[in-house]
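Each chain is listed here by its residues.
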Amino acid sequence: MAVSNSLTISPRKLRSDLYSYSNHDNTKTPLVISVLSSLIDRTLTRNQRISRRASPASSTSGRSGKTQIFDCREIPDMTIQSYLERIFRYTKAGPSVYVVAYVYIDRFCQLNPGFRISLANVHRLLITTIMIASKYVEDLNYRNSYFAKVGGLETEDLNKLELEFLFLMGFKLHVNVSVFESYCCHLEREVSFGGGYQIEKALRCAEEIKSRQMIVQDPKHRHHHHQFARVLL
């Protein structure tokens, strides 16, 4: 899978994009989405190689039946980049949300060692973690029914995914500043193996952005203006 998207992003441009992000000027897709997409694409490629080498019995023996809830009925014909861009287009979730979602995905995989990210489960995993991360980071959020429509799911399905995810995580959703910054550094290394520059300054950055907001628009009334391209997971 292609991972070239992140290679065109310079450290200076990435840092500027994330520090200057504002909910009043959010028409441009945050660069962190391209970085996260590249990272997930590489994980998918690695997991596909592992699955091809493993015997059918060994590849399924470690899987928990509970994690299979994330498997799609059929694999969507949509790249990770396109799916993340779609989520941003309709939710306008800030960059910190995607970093926290990445923390949750990594934590979920560690707590469920038999689970591997695959083409069959990655889309459902992404919409679930981004929705939960948005509730953790943002002051205002869309309802589950809206996230379901954005993600290509029935509301009942997304509700079940959220609940199952929370239990499989042991409700360990807290992300402190040091953990947040460490995952930012990991995303930075995805762009430049030299690392060293900053994507954004942890949850403090999100709080500073919120404190500068002068107008708050109720998200409950915004969804009526969106026209969705249909997707189905």
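For the structure itself, look to the data block above.
For clarity, every value in this text was computed on a predicted model and none was experimentally measured.

*Asks:* Would you mind going over the packing of aromatic side chains with me for this structure?
*Replies:* If you walk through the whole model with that rule in mind, you get nine aromatic pairs. Relative to Phe 171, the ring of Phe 167 lies with its centre 5.0 Å away and its plane at 80 degrees, an arrangement referred to as edge-to-face. A relative accessible area of 53% places Phe 167 in the exposed class. Residue classification places Phe 171 among the partly exposed residues on the basis of a relative accessible area of 46%. An aromatic cluster is present here, built from Phe 70, Phe 108, Phe 115 and Phe 165 joined pairwise through their rings. Taking the ring centre of Tyr 90 as reference, the NZ or CZ of Arg 89 above it sits at 5.6 Å. The ring of Phe 88 has Lys 92 sitting right over it, with the charged end atom 5.3 Å from the ring centre.

*Asks:* Just to check I follow, could you spell out helix 8 (residues 155–168) for this structure?
*Replies:* Working note: α-helix, 3.6 residues per turn, so residues spaced by three or four point in the same direction. For helix 8, spanning 14 residues, the distance from its first C-alpha to its last is 20 Å, which sits close to the expected 20 Å at 1.5 Å a residue. Residues Asp 157, Leu 158, Leu 161, Glu 162, Phe 165, Leu 166 and Leu 168 constitute the buried set of helix 8. End-on, the buried residues of helix 8 take up no more than an arc of 165 degrees, which puts them together on one face. Turned more than 90 degrees from where helix 8 packs its buried face, Glu 156 and Phe 167 sit exposed. Contacts made by the buried residues of helix 8 are with helix 5 (95–111), helix 6 (122–137) and helix 7 (144–151).

*Asks:* I'm lost on the pattern of salt bridges in this one. Help?
*Replies:* Pairing between side chains of opposite charge can happen when the charged atoms of each approach one another. Overall, the coordinates contain three salt bridges when judged by the stated rule. For Glu 156, the salt bridge goes to Lys 160, with nearest N and O atoms at 3.5 Å. With a gap of four residues between them, Glu 156 and Lys 160 both fall in helix 8, about one helical turn apart. For Lys 160, a relative accessible area of 45% translates into the label partly exposed.

*Asks:* Sorry if this is basic, but what is going on with helix 4 (residues 80–91) here?
*Replies:* Compared with the 16 Å implied by 1.5 Å per residue over twelve residues, the 16 Å span of helix 4 between its first and last C-alpha is a close match. Summarising burial for helix 4: nine of the twelve residues are buried, a large majority. All buried positions along helix 4 are accounted for by Ile 80, Gln 81, Tyr 83, Leu 84, Arg 86, Ile 87, Phe 88, Tyr 90 and Thr 91. Looking at the buried residues of helix 4, the elements they touch are helix 2 (31–53), helix 5, helix 6 and helix 7.

*Asks:* I would appreciate a short explanation of the nonpolar core in the present structure.
*Replies:* The nonpolar side chains of a soluble globular protein tend to be buried, and buried together. Counting 55 residues, the largest nonpolar core has Tyr 98 and Tyr 104 as the members making the most contacts within it. When residues of this core are traced back to their parent elements, those giving at least two are helix 2, helix 4, helix 5, helix 6, helix 7, helix 8 and helix 9 (177–191). With residues near it in sequence (within four places) discarded, Tyr 104 still touches Thr 129, Ile 132, Ala 133, Tyr 136, Phe 165, Met 169, Leu 173 and Val 175.

*Asks:* In this structure, what is going on with the packing of helix 2 against helix 5? I would like to understand it.
*Replies:* Two quantities define a packed helix pair, namely the angle between the axes and the distance from one axis to the other. One way to put it is that helix 2 packs onto helix 5 with a least axis distance of 9 Å and a crossing angle of 20 degrees. Classed by the angle they form, the pair helix 2 and helix 5 counts as roughly parallel. Handedness of the crossing formed by helix 2 with helix 5: left-handed. Residues Val 32, Ile 33, Leu 36 and Leu 39 of helix 2 lie in contact with helix 5, whose contacting residues are Pro 95, Tyr 98, Val 99 and Tyr 102. Its residues placed into classes, the contact of helix 2 with helix 5 shows eight nonpolar, no polar and no charged.

*Asks:* In this structure, what is going on with a nonpolar patch on the surface? I would like to understand it.
*Replies:* A grouping of Leu 163, Phe 167 and Phe 171 is seen on the molecular surface, where their side chains present a nonpolar patch of about 330 Å² in accessible area. The topology assignment puts Leu 163 in helix 8.

*Asks:* When you look at the environment of Asn 144 in this model, what are you seeing that I'm missing?
*Replies:* Take Asn 144: it is sitting in helix 7. For the pair Asn 144 and Glu 162, spaced 18 residues apart in sequence, the C-alpha separation works out to 9.3 Å. Setting aside residues no more than four positions away along its own chain, Asn 144 makes contact with Met 131, Lys 135, Thr 155, Leu 158, Asn 159 and Glu 162. Of the polar contacts made by the side chain of Asn 144, one reaches the side chain of Glu 162; its length is 2.8 Å.

Calculation rules
- Residues numbered from 1 in each chain as written.
- Predicted model: local features only at pLDDT ≥ 70, side-chain atom pairs only at ≥ 80, totals over all residues.
- Heavy atoms only, no water.
- Phe/Tyr/Trp six-rings, centres within 6.5 Å; stacked < 30°, edge-to-face > 60°.
- Buried < 20%, exposed > 50% of the residue type's maximum accessible area, 1.4 Å probe, protein only.
- Lys NZ or Arg CZ within 6 Å of the ring centre and 35° of its normal.
- Helix = DSSP H or I, 4+ residues; strand = E, 2+ residues; numbered from the N terminus.
- Expected span 1.5 Å × (residues − 1).
- Arc of directions from axis to C-beta.
- Contact = heavy atoms within 4.5 Å.
- Salt bridge = Lys/Arg side-chain N within 4 Å of Asp/Glu carboxyl O.
- Core = buried A, V, L, I, M, F, W, Y, C linked by side-chain atoms within 4.5 Å.
- Axes fitted to C-alpha atoms, helices over the stretch in contact; angles between N-to-C directions.
- Parallel < 35°, antiparallel > 145°, perpendicular 65-115°, else oblique.
- Left-handed = near helix turned anticlockwise from the far one by under 90°.
- Nonpolar A, V, L, I, M, F, W, Y, C, P; charged D, E, K, R; others polar.
- Patch = residues over 30% accessible without salt bridge, like charges linked within 9 Å, V, L, I, M, F, W, Y side chains within 5 Å.
- Areas by Shrake-Rupley, 256 points an atom, 1.4 Å probe, with all protein chains shown as cover.
- Polar contact = N/O pair within 3.5 Å; in protein donor to acceptor, adjacent residues only side chain to side chain.

The values reported here are purely geometric and, on their own, carry no functional implication.
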